[in-house]
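Fold and geometry: a report
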Amino acid sequence: MRFLSDQPHPSPDQVLYHRFTVDLGSGDIRAEEIPCQNLEDVLGGFGRSFQILENHDVKEAYHRNNPLIVNTGILTGTTVMTGLRTYFSAYSPLKSSNKGLPAAIWSAGSGKFGSILKWTGTDEIIFNYRSPTPVLALIQENADGPSLTLKPAHHLLGLDTHEKIMALQKEYPDAHFAVIGPAGENYKNVYYAAVAMSTVNQLKSGDDKCRFAGRGGMGSMMGYKNLIALVAQCKDKLGKLTPTVRDVNREIARGPGSKKFRDQSKGGLGGTWSNYQPLQKAYVLPENNFRPKGHDLPERLYRENQEAAYVIKDESCFRCGINCHKNIYERKPDGSKGEFRAKFDYEPLDLLATNLGIHDAEQALRLVRIVDNMGMDSISCGTTLSYVLDYNERHPEHSIFNGATFGQFDAIFELIEMTGRGELPEMGRGVKRLSEKMGEPDYAMHVKGLELPAYLPDTNPGYAWAIAGGHMSMATFLLLVMENDTTLDYWVKAITERGLYQVRDDLIGSCKFAGMNHAAALQAIQGATGLELSEDELLAAVRRAYLRGLKLERKQGYEMGDYTLPAQVFEEPNSKLETPHFITREFFSELRDRVWAVFDPEIQAL
């Protein structure tokens, strides 16, 4: 980005960002500097890309009119800790209205790719149309500015995500990579393919340690466009660490905001894996298709119960002191670290193990690894799988696919591998479409066509207003467990005044695990860029960006009936839960009316 004014509070049009617009059909590439039209443009991420998508009329996700937008946030590539994020945005092949129209979505990933992309001088790339042959996009820094070149990518086809990244590393030193796996190549039959992004640890060690932009099928969109990989190549360009940013980084690394994600040895709570204990204690840990059984089997996958069998290392993304990754290695007879196996984060571990009736760590490792290698979103894949297993358990005489039910590891592994290779389109197109085809949508765990993350809908009516995944774009998923308030007034405020600000980091380029409060985020922006904003200005921009997401949903045919929860929540309360059953149809209907009474005037004002 380039500031035309040295004033600390310039008007948006005094801030320019560098964009490539690529016609994949013809190979034409246009480079330009774009003046920002508002604060959302300045901040970046989905705040900018949703404004672009608003100007496109898209009736089918796999259509030449649907652009794929790759961009960064204002903090991406700066010295601010966790300022690493890259955003992929488009109309999703997975998330759709009941009218069948694709919805706008973004997906974010860390690693080092976003920083390198930013250091080339590139803030945004718009990929239009579709390449007739497989290509990769090479983004580099030249003496006269950034350049983008399309190159053949036939040699990458068929490789898994890690294999693609390691093959590209041999061709492009000083580079980082964003690639698709077999699932993305089979985009016609897999709507939830992810984008795998390289990490420093992966390139140094050769271990399979990608990070993923998973939600909404942005890997499928890359596959449709015949865009197999992005390569960002540039020497490191870390700026000077200012005293303000130094203080912010100390707070991120040691303060209360990131405490949940830090290792216990650093005064933390142990990362996302540690969610298992409190959720299991209240029997709200998703099990057997989001239906906890009230027994202790999930405790087998507690970290403390795996320390003797494996070496568990807390590792980090580029220059991050939180060390949230829980990487699992074989434990040699002498106790030392052996071969890398997989990483355990809460979402993949629950949705690809416990929620499938799998309670064996070795089996869980293999399931997490195969989903990553295939390049699929672990949330969508796992939740769709749990529906299949549930359906087969309910219909043993008329089972589908290979007849797999809960706990049958070999059959589950086979389903994942076949799905990733495009051999099971009914499963690869997500749980909404599958459940409607089977005529049993009540226990299909999705909202608005996007599979639920590993938090029970029985505890979270806010899911209905999430615009890019329940826990990533509406921060209401743990409120019942933590605050135990079931009143209407509480939930209206939780959704309209608290939860939506979860998307702030998806504009500015920082990781949610940093746990920055708004004051720290403003300090980070000022210390890294010199831009001074008030808290009111920042929150107004975040709120507009979120509301624009709801507006785009309406543009794509979403109506009142789309904003609901799986029917099982209303009709079959689970008596095993320690939390109260409060989400009745009557409660939710009144909640919906009151939430829209707040949001409607603001959406109209946009």
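Residues numbered from 1 in each chain as written. Predicted model: local features only at pLDDT ≥ 70, side-chain atom pairs only at ≥ 80, totals over all residues. Heavy atoms only, no water.

**A closer look at the overall build of the chain**
Under the convention used in this document: Numbering goes from the N terminus for both helices and strands, where a helix is a DSSP run of H or I of at least four residues and a strand is a run of E of at least two. Only C-alpha atoms enter the radius of gyration; for comparison, a globular chain is expected to reach 2.2 Å times N to the power 0.38, where N is the number of residues. Buried residues are those whose accessible area, probed at 1.4 Å on protein chains only, stays under 20% of the maximum for their type, while exposed residues exceed 50% and partly exposed ones sit between those limits. The Shrake-Rupley method, run with a 1.4 Å probe, gives the accessible areas here. Residue values count only the displayed protein chains as cover. Counted as positive: Lys and Arg. Counted as negative: Asp and Glu, with His and the chain ends omitted from the count. To locate a charge, the coordinates of NZ of Lys, CZ of Arg, CG of Asp or CD of Glu are taken.
A count of helices and strands for the chain gives 22 helices and 18 strands. Taking 606 residues into account, the globule formula puts the C-alpha radius of gyration at 25 Å, and the chain, at 23 Å, falls close to it. In terms of overall dimensions, the chain has a C-alpha envelope of 65 × 60 × 50 Å along the principal axes. When each of the 606 residues of the chain is scored for burial, the buried share is 64%. Accessible surface, the chain as shown: approximately 21200 Å² in total, 46% of it carbon and sulfur. Between the averaged position of the 67 positive side-chain charges in the chain and that of its 77 negative side-chain charges there is a distance of 4 Å.

**Digging into the pattern of salt bridges**
What counts is decided by this rule: The working definition used for a salt bridge is a side-chain nitrogen of Lys or Arg within 4 Å of a carboxyl oxygen of Asp or Glu.
Applying the stated criterion across every chain, the model contains 37 salt bridges. The shortest N-O distance in the salt bridge between K95 and E553 comes to 2.6 Å. Placement of K95 in strand β5 (residues 86-96) and of E553 in helix α20 (residues 535-555) is noted, with a sequence separation of 458 residues between them. E553 carries the same exposure label as K95, and that label is buried.

**Brief notes about empty space enclosed by the protein**
A water-sized probe, rolled over the atoms, reveals where empty space remains. Heads up, the condition is: Computed over the protein atoms alone on a 1 Å grid, cavities are sets of points where a 1.4 Å probe fits but cannot get out and pockets are open sets with protein on both sides within 12 Å along at least five of seven lines; a residue lines them when it has an atom within 4 Å of a point. Grid points are joined across faces, edges and corners, and a volume is the space filled by probe spheres set on the points. Residues are grouped as follows: nonpolar covers Ala, Val, Leu, Ile, Met, Phe, Trp, Tyr, Cys and Pro; charged covers Asp, Glu, Lys and Arg; every other residue, Gly included, is treated as polar.
Per the stated rule, a full pass over the model turns up five cavities of 30 Å³ or more. Space inside the largest cavity adds up to approximately 90 Å³. As for the largest cavity, its lining consists of 14 residues, and the residues nearest its centre are V447, L450, A466, G469 and G470. Here the lining of the largest cavity is composed, by residue class, of eight nonpolar, two polar and four charged.

**Some remarks on unusual backbone geometry**
Of all residues except glycine, most have a negative phi; of all peptide bonds, most are trans. Of note, the phi angle at Y283 is positive, near 50°, even though the residue is not glycine. With respect to the secondary-structure elements, Y283 resides in the loop between α9 (276-281) and β14 (310-315). The partly exposed category is assigned to Y283, whose relative accessible area is 22%. Backbone geometry at N288 places phi at a positive 50°, although glycine is not the residue there. With respect to the helices, strands and loops of the structure, N288 is situated in the loop between α9 and β14.

**Overview of the packing of aromatic side chains**
Condition: Pairing of aromatic rings covers Phe, Tyr and Trp, the last counted by its six-membered ring, and requires centre-to-centre distances within 6.5 Å; plane angles under 30 degrees mean stacked, over 60 mean edge-to-face, and any other angle means tilted.
Under the criterion given, the structure shown has 27 aromatic pairs. Ring plane angle 75° and centroid distance 6.3 Å describe the contact between W119 and F318, whose orientation is recorded as edge-to-face. Of this pair, W119 sits in helix α3 (residues 113-119) while F318 sits in the loop between β14 and β15 (325-331), and the two are 199 residues apart along the sequence. Take W119: its relative accessible area is 6%, and that puts it in the buried class. You can call F318 buried: its relative accessible area is 15%. Plain terms: the ring middles of Y563 and W596 are 5.0 Å apart, the flat faces sit at 85° to each other, and that makes the pair edge-to-face. Taken together, the residues span a long stretch of sequence, with Y563 in the loop between α20 and α21 (567-571) and W596 in helix α22 (residues 585-605) at a distance of 33 residues. With a relative accessible area of 4%, W596 lands in the buried category. A connected cluster of aromatic rings, assembled from ring pairs, spans W465, Y546, Y558, Y563, F570, F588, W596 and F599.

**Some thoughts on the nonpolar core**
The line we're drawing: Buried Ala, Val, Leu, Ile, Met, Phe, Trp, Tyr and Cys residues that are joined via side-chain atoms within 4.5 Å together make up what is termed a nonpolar core. In this analysis, two residues are considered to be in contact whenever any of their non-hydrogen atoms come within 4.5 Å of each other.
Grouped together as the largest cluster of nonpolar side chains are 207 residues, with contacts concentrated most on W465 and F599. Sorting elements by how many residues they give to this core places α20 first, with nine residues. Residues contacting F599, with those up to four places away along its chain left out, are W465, I495, T496, L500, R543, Y546, L547 and L550.

**Quick notes on the packing of helix α12 (residues 378-394) against helix α15 (residues 431-438)**
A pair of packed helices is characterised by two quantities: the angle between their axes and the separation of those axes. To keep it simple, the criterion reads: Each axis is a line fitted through C-alpha atoms, taken for helices only over the stretch in contact, and angles between the N-to-C directions span 0 to 180 degrees. These descriptions rest on fixed angle ranges, namely under 35 degrees for roughly parallel, over 145 for roughly antiparallel, 65 to 115 for roughly perpendicular, and the rest for oblique. We call a crossing left-handed when the near helix sits turned anticlockwise from the far one by less than a right angle, and right-handed when that turn is clockwise.
Interhelical geometry of α12 versus α15 gives an angle of 20° and a closest axis separation of 9 Å. For the element pair α12 / α15, the angle class is roughly parallel. As for how α12 packs across α15, the hand of that crossing is right-handed. Together, T383, T384, Y387, V388 and Y391 of α12 and V431, L434, S435 and M438 of α15 make up the contact between the two elements. Looking at the contact of α12 with α15, its residues break down into six nonpolar, three polar and no charged.

**Concerning the packing of helix α8 (residues 243-254) against helix α19 (residues 518-529)**
At their nearest, the axes of α8 and α19 sit 8 Å apart, and the two run at 145° to each other. When you trace α8 past α19, the crossing you get is left-handed. Facing α8, whose interface residues are T244, V245 and V248, α19 presents A520, Q523, A524, Q526, G527 and A528. Of the residues assigned to the contact of α8 with α19, the class counts are five nonpolar, four polar and no charged.

**Examining a negative patch on the surface**
The condition is simple: A patch consists of residues exposed above 30% relative accessible area that lack any salt bridge, with like charges linked at up to 9 Å and nonpolar side chains (Val, Leu, Ile, Met, Phe, Trp, Tyr) linked at up to 5 Å.
Judged by side-chain charge, D410, E414, E417 and E423 come together as a negatively charged surface patch. Along the chain, E417 turns up in helix α13 (residues 409-420).

**Things to note about the pairing of strand β6 (residues 102-109)**
This is how it is decided: When DSSP locates at least two bridges between a pair of strands, those strands are taken to pair.
Counting buried positions over the eight residues of β6 gives eight, a clear majority of the element. Two strands pair when backbone bridges link them, and β5 and β6 are joined in this way by seven bridges, in the antiparallel orientation. Opposite S89, over in β6, you have W106 as the bridge partner. Between the antiparallel neighbours β5 and β6 lie five residues, among them G100 with a positive phi of about 90°.

**Focus on the environment of N226**
Assignment of secondary structure puts N226 in the loop between α7 (218-224) and β13 (227-233). Residue N226 is classed as buried on the basis of its relative accessible area of 13%. Measuring from C-alpha to C-alpha, the distance between N226 and Y501 comes to 35 Å, with 275 residues separating the pair along the chain.

**Notes on the sheet that holds β14**
Taken together, three strands build an open sheet; the order of strands is β14-β15-β16 and the sheet is antiparallel. The open sheet terminates on both sides in strands that have one partner only, identified here as β14 and β16 (337-343). For this sheet, the mean inter-axis angle between neighbouring strands, taken without regard to orientation, is 35°. The pairing of β14 with β15 spans six bridges and is classified as antiparallel. Residue pairing in the sheet places V311 in a bridge with Y329 of β15. Set on the sheet, helix α11 (residues 361-374) makes contact with β14, β15 and β16; between it and β16 the angle comes to about 65°.

So yeah, pure geometry; function would need other evidence.
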